Amino acid sequence: MSGLVLDDLRAFYGPSQALFGVSLSVAPGETVALMGRNGMGKTTTVRAICGMVRATGRRHYAGQDLARLPSHRIAQLGIGLVPEGRRCFRDLTVAENLVAAARRGVWDLDRVTALFPRLGERAGQRAATLSGGEQQMLAIGRALMTNPSLLLLDEATEGLAPLVRAEIWGAIRGLKAQSDLSILVIDKSLRELAGVADRAVILERGQVVADTPFAGLTREETDRYLGV
Ligand code: ATP
């Protein structure tokens with residue numbers, strides 16, 4: 001299979017294990033929601049894909065073995081991460097942040113600022129002066145500038161005001177409509193995920209407990225694994 005394939009993924013922070021045999025796949029063009037309560041291993045899964053945490057198990061992307069590659073090589077294979085906490089270069093301008101991430105492809109400064117017009121309006125401003133929502137847009141813009149074929153979105157709307165959240169979800173739906181892009185998206189909003197995700201994978205204590213077409217998620221599963 002040519003998309004992302006994880007098989008029996010285990011991940012470790014020093015002596016403590018966070019993932020216990022996670023297997024999942026994201027097919028080309030597919031959008032998969034990675035769900036589960038706090039601390040169940042969602043962020044660790046994307047960190048393991050990107051080579052940012054010690055892990056064992058098979059992880060392949062587009063037929064390439066990710067296991068022994070450093071993070072920058074994994075990014076070069078077309079995996080773009082929008083990390084939790086929207087990290088950007090605070091002292092660079094918006095435009096500098098975007099250009100620094102650029103790799104050749106359909107996404108460039110013009111296309112990113114068309115997706116998020118506020119980034120165009122604030123192109124010359126230091127990233128540190130942006131609002132939280134704008135910084136999140138910048139983090140997504142930076143990932144897009146790398147021209148990924150797989151986008152990993154880790155809590156892209158966490159802690160943002162409703163209007164900004166709506167704007168970012170609108171952009172994510174637009175990205176999904178770009179049919180060749182695969183997306184693995186982590187978020188707490190079932191309603192928003194339902195608008196983009198083809199499939200749902202639920203993690204519970206570092207293991208997959210559900211892997212289903214999104215529309216097939218049952219009330220019992222959402223209550224049991226996502227309820228508070
Ligand atoms: P959240 O929504 O809170 O980010 P999550 O599902 O993304 O939750 P992870 O952040 O992947 O969960 O955490 C999985 C497990 O790994 C948790 O038990 C967490 O305490 C542990 N963990 C995460 N980061 C570290 C770290 N840097 N050092 C040690 N343990 C960690």
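The coordinates are above.
So, here is what we can say about the structure in this document. (Residues numbered from 1 in each chain as written. Predicted model: local features only at pLDDT ≥ 70, side-chain atom pairs only at ≥ 80, totals over all residues. Heavy atoms only, no water.)

**Description of the site of the ligand**
Okay, step 1: Around the ligand sit 13 residues, and of these Gly39, Gly41, Lys42, Thr43 and Thr44 come closest.
Okay, step 2: A distance of 2.7 Å separates an oxygen atom of the ligand from a polar backbone atom of Gly39.
Okay, step 3: Met40 places a main-chain nitrogen or oxygen 3.1 Å from an oxygen atom of the ligand.
Okay, step 4: In the complex, 59% of the free accessible area of the ligand, which totals 630 Å², lies under the protein chains.
Okay, step 5: When grouped by side-chain class, the residues that make up the shell around the ligand number 3 nonpolar, 5 polar and 5 charged. (Near = heavy atom within 4 Å. Polar contact = N/O pair within 3.5 Å; in protein donor to acceptor, adjacent residues only side chain to side chain. Areas by Shrake-Rupley, 256 points an atom, 1.4 Å probe, with all protein chains shown as cover. Nonpolar A, V, L, I, M, F, W, Y, C, P; charged D, E, K, R; others polar.)

**Concerning the packing of helix H3 (residues 94-101) against helix H6 (residues 132-145)**
Okay, step 1: At a minimum axis separation of 7 Å, H3 and H6 run at an interaxial angle of 30°. Taken together, the axis directions place H3 and H6 in an arrangement best described as roughly parallel. As for the relative orientation of H3 and H6, their crossing is right-handed in sense. Across the interface between the two elements, Val94, Asn97, Leu98, Val99, Ala100 and Ala101 of H3 pack against Leu138, Gly141, Arg142 and Met145 of H6.
Okay, step 2: Of the residues that constitute the contact of H3 with H6, the class distribution is 7 nonpolar, 2 polar and 1 charged. (Axes fitted to C-alpha atoms, helices over the stretch in contact; angles between N-to-C directions. Helix = DSSP H or I, 4+ residues; strand = E, 2+ residues; numbered from the N terminus. Parallel < 35°, antiparallel > 145°, perpendicular 65-115°, else oblique. Left-handed = near helix turned anticlockwise from the far one by under 90°. Contact = heavy atoms within 4.5 Å.)

**A closer look at the sheet that holds strand E4 (residues 54-61)**
Okay, step 1: Strand order in the open sheet formed by 4 strands is E2-E1-E4-E5, and the pairing between neighbours is antiparallel. Looking along the sheet, the strands with just one partner apiece sit at the ends: strand E2 (16-26) and strand E5 (64-65).
Okay, step 2: The pairing of strand E1 (residues 4-13) with E4 spans 7 bridges and is antiparallel. Bridge pairing in E4 links Phe12 to Arg54. (Pairing = 2+ DSSP bridges.)

No statement about biological role is implied by the geometric values presented.
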